[in-house]
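The residues making up each chain are set out below.
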Amino acid sequence: MKIWAHRGCSQRYPENTLLAFEKAIKLNNLTGIELDIQLTKDGEIVVIHDERVDRTTESIGFVRDYALAELKRLHIYADVNQSQQIPTMEEVFDLIEPRLKTGMKVNIELKNSVYPYPGMEEKILDLAAKRGVEDAIVFSSFSAKSMERIKKLNPKAETGILDSKVSDCLYKLRGTGADALHPYWKGIDLLPDRIKEYTVRAWFTGHLYPEKPTGTRLDLSELEKSGITDVFLNEPEMYIN
Ligand code: G3P
Ligand code: CA
């Protein structure tokens, strides 16, 4: 089973922050980091899960209504003494690029199924090309159209289709040229034989921000039997070092 850090090491550290990613890159046996991108009012790529800043910062409103400089003034608190900023994709690349060039991957989830963010695909592909890390990236989205667009712009880009059920991922994948299925871990509603030719990366929900370590381990071998090849875990440090 391949292990990914979901929003970084997001169980113990605030999700989608440089701190959570710093902890993740220290895990030698990590397959990759998963993160989420949105666009600011002035068109910058920022790493934040929600369309709004309300849940993770002290402010309110949509990411797309803030200029980058305004977003940078907000705080993400892990605890009362320690705060982080919303990182830009450039800042995350600055941190993880050495690992990307030595085998680690990053799954960049385009958060464009609620608000379409015109031009987001071009922007992230251009940035990946500028940094020379295209081969280390898996792009994903709940929007199959967006993944189709990524493939059209760069046929070599690796893509994955997100949905709750694996059957819906498979249905949405048709015609997009996507390479992988990204279902919810409890959404494996097809027999292993039907999905055995695919990479199946399963995601979890739960204690996303910021929670105490759970100290519990799932039986990954059971998940493997159902056809799952990779898992996005909030607490990958429980499984690998
Ligand atoms: O990419 C897998 C997973 O992160 C999708 O759900 O809501 O955590 O972004 P979410
Ligand atoms: Ca995500």
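Refer to the structure above for everything that follows.
These numbers come from a predicted model, not from an experiment.

(A) Region of interest: the site of ligand 1. As a structural note, the neighbourhood of ligand 1 is formed by His6, Arg7, Glu34, Asp36, His49, Glu109, Lys111, Leu162 and Trp203. One of the side-chain nitrogen or oxygen atoms of Arg7 is found 2.7 Å away from an oxygen atom of ligand 1. If ligand 1 stood free it would expose 290 Å²; the protein chains cover 92% of that surface.

(B) Broad picture of the coordination of the calcium ion (ligand 2). For the calcium ion (ligand 2), the full set of protein donor atoms is Glu34 (OE), Asp36 (OD) and Glu109 (OE), and the range of their distances to it is 2.1 to 2.2 Å. Counting the intervening residues between successive donors of the calcium ion (ligand 2) yields the motif E-x1-D-x72-E. Of this pair, Glu34 sits in strand E2 (residues 32-39) while Glu109 sits in strand E6 (residues 105-110), and the two are 75 residues apart along the sequence. The exposure class of Glu34 is buried, given its relative accessible area of 3%. Owing to a relative accessible area of 5%, Glu109 belongs among the buried residues under this scheme.

(C) Examining the nonpolar core more closely. Of all hydrophobic cores here, the largest spans 68 residues; its most connected members are Ile33, Leu35, Ile37, Met89, Ile108, Ile124 and Phe139. In contact with Leu35, other than residues within four places in its own chain, are Asn16, Phe21, Val47, Met89, Val92, Val106, Asn107, Ile108 and Glu109. Ranked by size, the runner-up nonpolar core spans 5 residues in total, among them Trp4, Val138, Leu162 and Phe232.

(D) Spatial organisation of the environment of Lys26. Mapped onto the elements, Lys26 comes out in the loop between helix H1 (18-25) and E2. According to the relative accessible area criterion, Lys26 is exposed, its value standing at 58%. Sequence-wise, Lys26 and Glu237 are 211 residues apart; in three dimensions their C-alpha atoms are separated by 9.6 Å.

(E) Spotlight on the pairing of strand E1 (residues 2-6). Among the 5 residues that make up E1, 4 are buried, leaving the element largely enclosed by the rest of the structure. Pairing of E1 with strand E11 (residues 230-233) involves 4 bridges; the strand directions are parallel. Paired with Ile3 across the strands is Val231, a residue of E11. Both E1 and E2 contribute to a ladder of 3 bridges, which runs parallel. What sits directly across from Ala5, in E2, is Ile33.

(F) Molecular detail of the packing of helix H4 (residues 120-131) against helix H5 (residues 144-153). Where H4 contacts H5, the axes come no closer than 10 Å and their chain directions differ by 45°. One way to sum up the angle between H4 and H5 is to call them oblique. At the point where H4 passes H5, the crossing takes the right-handed sense. Touching Glu121, Glu122, Ile124 and Leu125 of H4 are Ser146, Arg149, Ile150 and Leu153, all from H5. For the contact of H4 with H5, the residue count by class is 4 nonpolar, 1 polar and 3 charged.

(G) Structural detail: helix H3 (residues 89-100). With 12 residues, H3 should reach 16 Å at 1.5 Å per residue; the first-to-last C-alpha distance of 14 Å falls well below that figure. Within H3, the full set of buried residues consists of Met89, Val92, Phe93, Ile96, Glu97, Arg99 and Leu100. Burial along H3 is one-sided: seen end-on, the buried residues are contained in an arc of 150°. Against the buried residues of H3 lie H1, E2, strand E3 (45-47), E6, H4 and strand E7 (137-141).

(H) Summary view of the pattern of salt bridges. As enumerated under the stated definition, the model contains 24 salt bridges in all. Among the salt bridges present, the one from Arg7 reaches Asp36, with a minimum N-O distance of 4.0 Å. Note that Arg7 is positioned in the loop between E1 and H1 and Asp36 in strand E2, a separation of 29 residues in sequence. The two residues Arg7 and Asp36 agree in class, both being buried. For the salt bridge of Glu237 with Arg12, the shortest nitrogen-to-oxygen distance reads 2.9 Å. You can see Glu237 sitting in the segment after E11 and its partner Arg12 sitting in the loop between E1 and H1, a full 225 residues away along the chain. Here the salt bridges do not stand alone but share partners, grouping Arg7, Glu15, Asp36, Asp50, Arg55, Glu109 and Lys111 into one network.

Cut-offs used in this document
- Residues numbered from 1 in each chain as written.
- Chains lettered and ligands numbered in written order.
- Predicted model: local features only at pLDDT ≥ 70, side-chain atom pairs only at ≥ 80, totals over all residues.
- Heavy atoms only, no water.
- Near = heavy atom within 4 Å.
- Polar contact = N/O pair within 3.5 Å; in protein donor to acceptor, adjacent residues only side chain to side chain.
- Areas by Shrake-Rupley, 256 points an atom, 1.4 Å probe, with all protein chains shown as cover.
- Donors = N, O, S within 2.8 Å, 3.2 Å for Na, K, Ca; no water.
- Helix = DSSP H or I, 4+ residues; strand = E, 2+ residues; numbered from the N terminus.
- Buried < 20%, exposed > 50% of the residue type's maximum accessible area, 1.4 Å probe, protein only.
- Core = buried A, V, L, I, M, F, W, Y, C linked by side-chain atoms within 4.5 Å.
- Contact = heavy atoms within 4.5 Å.
- Pairing = 2+ DSSP bridges.
- Axes fitted to C-alpha atoms, helices over the stretch in contact; angles between N-to-C directions.
- Parallel < 35°, antiparallel > 145°, perpendicular 65-115°, else oblique.
- Left-handed = near helix turned anticlockwise from the far one by under 90°.
- Nonpolar A, V, L, I, M, F, W, Y, C, P; charged D, E, K, R; others polar.
- Expected span 1.5 Å × (residues − 1).
- Arc of directions from axis to C-beta.
- Salt bridge = Lys/Arg side-chain N within 4 Å of Asp/Glu carboxyl O.

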